[in-house]
Amino acid sequence: MTEKRVVTGADGLARCPWGCTPEEYRVYHDEEWGRPVRGDDALFERISLEAFQSGLSWLTILRRRPGFRAAFAGFEIAAVAGFTERDAERLLADTGIIRNRRKIDATLANARALAGWSEGELTELVWSFAPDHAARQAPLSLADVPATTPESVALAKELKRRGIRFVGPTTAYALMQACGLVNDHLRECHARGE
């Protein structure tokens, strides 16, 4: 089996092998993935999208992200917390998003739970699980990137304890990668040091 190492894109830049094509992946890889995300609404969006991605391709989520943002009031926690059963039915009929009842219900329940937290509490909690960057070696290939870590297991457990649904250790680790808590850009990827 060949290890999946960096791939050189048409622009001559080395990227993680998933980050060259299609264009949505390249933009997400180069401009967003692994960059620090702070702010409760921004993290709520990422938690929600990671939950919707479960069992699907991330490309599906990226292509529907504008639809998700429109359907879920820009992922503003206070607004989504006020969604009613009528809103849930509207979401189930919305072809611009993933129409999965369990995932929609979890997103609404998560917003209601988070609405009771103080401002900045979600950001502080999530970032409290960031591992020591100096203690982690840069991955050389995708085979060096874990699916979970002790920190993601602990984060998932704490989020669940506080009433957040649809966030297991793998989803929590994907959140940590996406939001810059860990830097899993491969060692030779141009985005690693940004």
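Keep in mind the model is a prediction, meaning the values are calculated, not measured. (Residues numbered from 1 in each chain as written. Predicted model: local features only at pLDDT ≥ 70, side-chain atom pairs only at ≥ 80, totals over all residues. Heavy atoms only, no water.)

### Thoughts on the overall build of the chain
Item 1. What the chain contains, in helices and strands, is nine helices and two strands.
Item 2. Counted from the first residue to the last, the chain has its helices and strands arranged as β-β-α-α-α-α-α-α-α-α-α.
Item 3. Its C-alpha atoms give the chain a radius of gyration of 17 Å, near enough to 16 Å, the size a compact globule of 194 residues would have.
Item 4. Reported as C-alpha extents along the three principal axes, the dimensions of the chain are approximately 50 × 35 × 30 Å.
Item 5. Residues classed as buried in the chain amount to 48% of the 194 residues present.
Item 6. Here the contacts in the chain between residues at least 6 apart in sequence split such that 67% fall between residues at least 24 apart.
Item 7. Accessible surface for the chain amounts to roughly 9,500 Å². Of this, 51% is attributable to carbon and sulfur atoms.
Item 8. Positive and negative side-chain charges of the chain, numbering 26 and 27 respectively, have mean locations separated by a distance of 5 Å. (Helix = DSSP H or I, 4+ residues; strand = E, 2+ residues; numbered from the N terminus. Rg over C-alpha atoms; globule rule 2.2 N^0.38 Å. Buried < 20%, exposed > 50% of the residue type's maximum accessible area, 1.4 Å probe, protein only. Contact = heavy atoms within 4.5 Å. Areas by Shrake-Rupley, 256 points an atom, 1.4 Å probe, with all protein chains shown as cover. Lys, Arg positive; Asp, Glu negative; His and termini not counted. Charge placed at Lys NZ, Arg CZ, Asp CG, Glu CD.)

### Section: helix H5 (residues 85-92)
Item 1. Listed in full, the buried residues belonging to H5 are Asp87, Ala88 and Leu91. Down the axis of H5, the sector holding all buried residues measures 105 degrees, keeping them to one side.
Item 2. Structurally, H5 contributes buried residues whose contacts are with helix H3 (58-71) and helix H6 (101-115).
Item 3. Its side-chain oxygen placed 3.2 Å from the backbone nitrogen of Arg86, Thr84 serves as the N-cap of H5. (Arc of directions from axis to C-beta. Polar contact = N/O pair within 3.5 Å; in protein donor to acceptor, adjacent residues only side chain to side chain.)

### Focus on the UniProt feature "binding site: Zn(2+)" (unreviewed entry) in the chain
Item 1. In this structure's numbering, the residues bearing the UniProt feature "binding site: Zn(2+)" (unreviewed entry) are Cys16, His29, His185 and Cys189. The greatest C-alpha distance among the residues just named is 10.2 Å, despite their covering 174 residues of sequence, which places them together in space. Within the annotated group just given, the residues that line the largest pocket are Cys16.
Item 2. Its place among the elements puts Cys16 in the loop between strand E2 (14-15) and helix H1 (23-31).
Item 3. Apart from residues no more than four positions distant in its own chain, Cys16 is found in contact with Val6, His29, Asp184, His185, Leu186 and Cys189.
Item 4. By the secondary structure assignment, His185 is in the segment after helix H9 (169-178).
Item 5. Leaving out residues up to four positions away in the same chain, His185 has contacts with Cys16, His29, Trp33, Gly34, Arg35, Pro139, Ala191 and Arg192. (UniProt positions renumbered as here; feature names shortened; annotations may be inferred. 1 Å grid on protein atoms, 1.4 Å probe; cavity = no way out; pocket = protein on both sides within 12 Å on 5 of 7 lines; lining within 4 Å.)

### Quick word on the side chain of Glu32
Item 1. Along the polypeptide, Glu32 turns up in the loop between H1 and helix H2 (40-53).
Item 2. Residue class for Glu32 comes out buried when judged on its relative accessible area of 19%.
Item 3. There is a polar contact of 2.7 Å between the side chain of Glu32 and the side chain of Arg65.
Item 4. Setting aside residues no more than four positions away along its own chain, Glu32 makes contact with Val27, Arg46, Arg65 and Ala178.

### Looking at empty space enclosed by the protein
Rolled over the atoms, a probe sized like a water molecule indicates the empty space that remains.
Item 1. A complete count under the given rule lists one cavity of 30 Å³ or more for this structure.
Item 2. Space inside the largest cavity adds up to approximately 40 Å³.
Item 3. If you go around the largest cavity, the residues you meet are Tyr28, Glu32, Arg46, Leu49, Glu50, Trp58, Arg65 and Ala178.
Item 4. Of all the elements in the fold, those that place two or more residues in the lining of the largest cavity are H2 and H3.
Item 5. For the lining of the largest cavity, the element with the highest residue contribution is H2, accounting for three residues.
Item 6. Tallied by class, residues from the lining of the largest cavity come to four nonpolar, no polar and four charged. (Points joined across faces, edges and corners; volume = space filled by probe spheres on them. Nonpolar A, V, L, I, M, F, W, Y, C, P; charged D, E, K, R; others polar.)

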